[in-house]
Amino acid sequence: MRPTPSVKDFTEQEDLLGFFGPDSVTWRVHSDPAFSVGGIRALLLQALHPVAMGGVHQFSTAFATDPWARLTRTAEYVATLSFGTRRDALRQVRRVRGLHRGKSGVEETTGRHFNVDDADLLLWVHNCEVDSLLSTARRAGVPLTDADADRYVEEQVVAAVLVGAEEADVPRTVAELEAYFDRVRAQLAVTPAARTASRFILVPPMPGWVQVLTPARPAWSTLASLGAATLPGWARRLYGLPGFGLTDTAATAGLRAFRQTALAVPARVRESPIVRAARERVAAVEPLSA
């Protein structure tokens, strides 16, 4: 596994622009309202790999003790890697790689001995995220050409390599990404650990006052339902969810309606503080690169 780059490897301007920058497809996809649905889809898809899910089940006690905090940290990691400075992104990468380091176990359904930072497991998690965020964005109506889609997959190679995947194995086009899933599908299953994780994702525990006094439950239910409905048909069938073409049509219509409703909210309210800070930061940097 290659070492994490150092901030000494980048100029000050590169640091401020981050690993992707405002002209990237990554910024377009990751700042869109459809991103939240894609994130849930990614979690459900990732859970179908018995060994990857086994690692989460054995070592991520936060799922049982403080699941919301874990989801928040995951979202913060992706947002910082996408929109933060390179310095801030590398700080997050080192934290995640530190959490993975030295952890190993045996997955009970396959009998495989694994390290949490095995390159193939990191690649699985990465590819689920890329496939989910891209496919959800396109189905939601984000204007992306086929060339844009390939460019997004290519841009995300850096994210995979930073976390520890082998660069030669990371898909660089949509076709390569599809071929990867075709290869691994035979390994996938809904294990007891995956069933537990999917139940949390679809119906997460919430304090009673939150459910009664806030719209959190119906809001999450909408996102979770769309995340599940936008899974590939073969993944829905593994979970025992409807896998017919009508579901795809309805899911796409629902996703587009959700995005249009979200876009009606002003960007200063809709976008996260990390995204807003990135736009302000690069506005001052861009003239220097002209």
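Quantities reported herein were computed from a predicted structural model and do not represent experimental measurements.

S.K.: Give a description of the overall build of the protein chain that names residues and reports values.
M.R.: The helix and strand inventory of the protein chain stands at 18 helices and two strands. Within the protein chain, the fraction of its 290 residues that count as buried is 47%. Across the protein chain, contacts joining residues at least 24 apart in sequence account for 73% of those joining residues at least 6 apart.

S.K.: Before we move on, can you summarise the layout of surface pockets with the specific residues and values?
M.R.: In this structure, the second largest pocket occupies an estimated 320 Å³ of space. Lining the second largest pocket are 19 residues, with Arg 41, Asp 131, Ser 135, Glu 178 and Pro 232 sitting closest to its centre. Among the elements of the structure, α3 (34-46), α8 (119-140) and α11 (174-184) are those that each provide at least two residues to the lining of the second largest pocket. If one sorts the elements of the lining of the second largest pocket by residue count, α8 sits on top with six residues. Split into classes, the residues belonging to the lining of the second largest pocket amount to nine nonpolar, two polar and eight charged.

S.K.: Explain the packing of aromatic side chains to me, and be specific about the residues and the numbers.
M.R.: Evaluated as defined, the whole model comprises four aromatic pairs. Plain terms: the ring middles of Trp 27 and Phe 83 are 5.2 Å apart, the flat faces sit at 55 degrees to each other, and that makes the pair tilted. In this pair, Trp 27 is assigned in helix α2 (residues 25-30) and Phe 83 in helix α6 (residues 67-83), connecting sequence segments 56 residues apart. Overall, the relative accessible area of 3% leaves Trp 27 in the buried class.

S.K.: Residues and numbers for the confidence of the model for the protein chain, please.
M.R.: Taken residue by residue, the protein chain gives an average pLDDT of 88. The fraction at 70 or more is 87%. The model gives residues 209-215 a pLDDT under 50, and that stretch makes four contacts with residues more than four places away or in other chains.

S.K.: How would you explain the nonpolar core if you had to name every residue and give the values?
M.R.: Residues Leu 45, Trp 124 and Phe 181 are the most contacted members of the largest nonpolar core, which totals 55 residues. Of all the elements, α8 adds the most residues to this core, at nine residues. In terms of nonpolar packing, the next biggest core, distinct from the first, is built from 19 residues, Phe 10, Val 78, Ala 278 and Val 282 among them.

S.K.: Quick one: what's the story with the pattern of salt bridges, residue by residue and with numbers?
M.R.: Under the defined criterion, the tally for this structure stands at 13 salt bridges. Among the salt bridges present, the one from Arg 172 reaches Glu 154, with a minimum N-O distance of 2.7 Å. Remark: Glu 154 occurs in helix α9 (residues 146-155) and Arg 172 occurs in the loop between α10 (157-163) and α11; sequence separation between them is 18 residues. The class of Arg 172 is partly exposed, set by a relative accessible area of 27%. Since its relative accessible area comes to 35%, Glu 154 is described here as partly exposed. Across the pair Arg 172 and Glu 167 runs a salt bridge, and its minimum N-O distance is 2.9 Å. Glu 167 gets classed as partly exposed once you look at its relative accessible area, which sits at 31%. Three or more residues joined by partner-sharing salt bridges are found here, namely Arg 112, Asp 118 and Asp 120.

S.K.: How would you explain the packing of α8 against α9 if you had to name every residue and give the values?
M.R.: For the pair α8 and α9, interaxial distance at closest approach is 11 Å and the crossing angle is 155 degrees. Classified by the angle between their axes, α8 and α9 sit roughly antiparallel to one another. In the packing of α8 onto α9, the handedness of the crossing is right-handed. Two secondary-structure elements touch here, α8 through Val 130, Leu 133, Leu 134 and Arg 138 and α9 through Asp 146, Ala 149, Tyr 152 and Val 153. The residue inventory of the contact of α8 with α9, partitioned by class, reads six nonpolar, no polar and two charged.

Scoring rules and cut-offs
- Residues numbered from 1 in each chain as written.
- Predicted model: local features only at pLDDT ≥ 70, side-chain atom pairs only at ≥ 80, totals over all residues.
- Heavy atoms only, no water.
- Helix = DSSP H or I, 4+ residues; strand = E, 2+ residues; numbered from the N terminus.
- Buried < 20%, exposed > 50% of the residue type's maximum accessible area, 1.4 Å probe, protein only.
- Contact = heavy atoms within 4.5 Å.
- 1 Å grid on protein atoms, 1.4 Å probe; cavity = no way out; pocket = protein on both sides within 12 Å on 5 of 7 lines; lining within 4 Å.
- Points joined across faces, edges and corners; volume = space filled by probe spheres on them.
- Nonpolar A, V, L, I, M, F, W, Y, C, P; charged D, E, K, R; others polar.
- Phe/Tyr/Trp six-rings, centres within 6.5 Å; stacked < 30°, edge-to-face > 60°.
- pLDDT = per-residue confidence, 0-100.
- Core = buried A, V, L, I, M, F, W, Y, C linked by side-chain atoms within 4.5 Å.
- Salt bridge = Lys/Arg side-chain N within 4 Å of Asp/Glu carboxyl O.
- Axes fitted to C-alpha atoms, helices over the stretch in contact; angles between N-to-C directions.
- Parallel < 35°, antiparallel > 145°, perpendicular 65-115°, else oblique.
- Left-handed = near helix turned anticlockwise from the far one by under 90°.

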